[in-house]
Amino acid sequence: MDSTTALNIETSKIGSVKIADDVVAMIASLAATEVDGVSALIGNITNEMMSKIGMKSLTKGVKVEIVDQVVSVHLSLIFEFGYSIPETSRLVQEKVKSAIENMTGLTVADVNIHIVSVKSN
C-alpha cells in the first residue's frame, strides 16, 4: 500500500472505519521514540518539534506494509550511546506492536529495526 491509500478495517450496519497507512506509520513513529535509548528515526526530528511540522516528516524512517489487516513495520532508528542495543530494540518492538494493535485493531506480524547510527551524548 502506498501512503495515500486507506485500509478498511471494520464494517458495521452504520458504516465503515478506514485507517490510512500513514496513520499506522505515525503510531509506530511516536511509540518508538518514547523508548529510552532511541534518539530519533532517521530523517525524523525530536518529539518537541513534532507539533510544529506536518505528518509526512514524522513518518520518515518508518515503512509500513499492510496485507489483509496484518502489519509489518520497518523502522530506521538512531540509538543513544550507552544503551543496550538488544534490550532497547526489544522494548521498541513491544511498544510499537502494542500501540498499533491497541489503537487500530490490526495484527502486527513483525517490527523490524534497522539501527543506522549511535548518537553520543
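Okay, so let's go over this structure.

Rules used throughout
- Residues numbered from 1 in each chain as written.
- Predicted model: local features only at pLDDT ≥ 70, side-chain atom pairs only at ≥ 80, totals over all residues.
- Heavy atoms only, no water.
- Helix = DSSP H or I, 4+ residues; strand = E, 2+ residues; numbered from the N terminus.
- Polar contact = N/O pair within 3.5 Å; in protein donor to acceptor, adjacent residues only side chain to side chain.
- Salt bridge = Lys/Arg side-chain N within 4 Å of Asp/Glu carboxyl O.
- Buried < 20%, exposed > 50% of the residue type's maximum accessible area, 1.4 Å probe, protein only.
- Axes fitted to C-alpha atoms, helices over the stretch in contact; angles between N-to-C directions.
- Parallel < 35°, antiparallel > 145°, perpendicular 65-115°, else oblique.
- Left-handed = near helix turned anticlockwise from the far one by under 90°.
- Contact = heavy atoms within 4.5 Å.
- Expected span 1.5 Å × (residues − 1).
- Arc of directions from axis to C-beta.

### Here's the deal with the side chain of Thr104
Step number 1: Residue position: Thr104 is located in helix α3 (residues 85-104).
Step number 2: In this structure the side chain of Thr104 is engaged in a polar contact, spanning 2.6 Å, whose partner is the backbone oxygen of Ile100.
Step number 3: Engagement of the side chain of Thr104 in a polar contact is seen with the backbone nitrogen of Leu106, the distance being 3.1 Å.

### A word on the pattern of salt bridges
Oppositely charged side chains may form a pair once their charged atoms are brought near each other.
Step number 1: Summed over the entire model, instances satisfying the criterion amount to 5 salt bridges.
Step number 2: Arg90 is the salt-bridge partner of Glu87, the closest N and O atoms lying 2.4 Å from each other. Here the residue Glu87 and the residue Arg90 both occupy positions in helix α3, the gap between them amounting to 3 residues, near one helical turn.
Step number 3: With relative accessibility at 36%, the residue Glu87 sits in the partly exposed group.
Step number 4: On the accessibility criterion, Arg90 (34% relative accessible area) is partly exposed.
Step number 5: A single network of salt bridges, built from pairs that share partners, joins Glu87, Arg90 and Glu94.

### Focus on the packing of helix α1 (residues 21-33) against α3
Step number 1: Two elements in contact, α1 and α3, have axes separated by 9 Å at closest approach and are oriented at 140 degrees. In terms of orientation, α1 and α3 fall into the oblique class. Between α1 and α3 the crossing geometry is right-handed. Facing Val24, Ile27, Ala28, Ala31 and Ala32 of α1, the residues of α3 in contact are Val92, Lys95, Val96, Ala99, Ile100, Met103 and Thr104.

### Here's the deal with unusual backbone geometry
A negative phi holds for most residues other than glycine; trans holds for most peptide bonds.
Step number 1: Residues other than glycine seldom take positive phi values, yet Asp68 does so here, at roughly 50 degrees.
Step number 2: Note on Asp68: relative accessible area 72%, which makes it exposed.
Step number 3: The residue Gln69 is not glycine, and still its phi comes out positive at about 65 degrees.
Step number 4: As for its position among the elements, Gln69 is in the loop between β4 (62-67) and β5 (70-80).
Step number 5: In this structure Gln69 comes out as partly exposed when scored by relative accessible area, which is 35%.

### Some details on α3
Step number 1: Its 20 residues place the ends of α3 28 Å apart at the C-alpha level, agreeing with the 28 Å of an ideal helix rising 1.5 Å per residue.
Step number 2: Burial in α3 covers these residues: Thr88, Ser89, Val92, Val96, Ala99, Ile100 and Thr104. The buried residues of α3 all sit within an arc of 105 degrees when viewed along its axis, so they share a single face. Exposed side chains of α3 directed beyond 90 degrees from the buried face belong to Pro86 and Asn102.
Step number 3: Of the residues flanking the start of α3, the one acting as N-cap is Ser84, its side-chain oxygen 3.3 Å from the backbone nitrogen of Glu87.
Step number 4: Gly105 sits one or two positions beyond α3 and adopts a positive phi of about 85 degrees.

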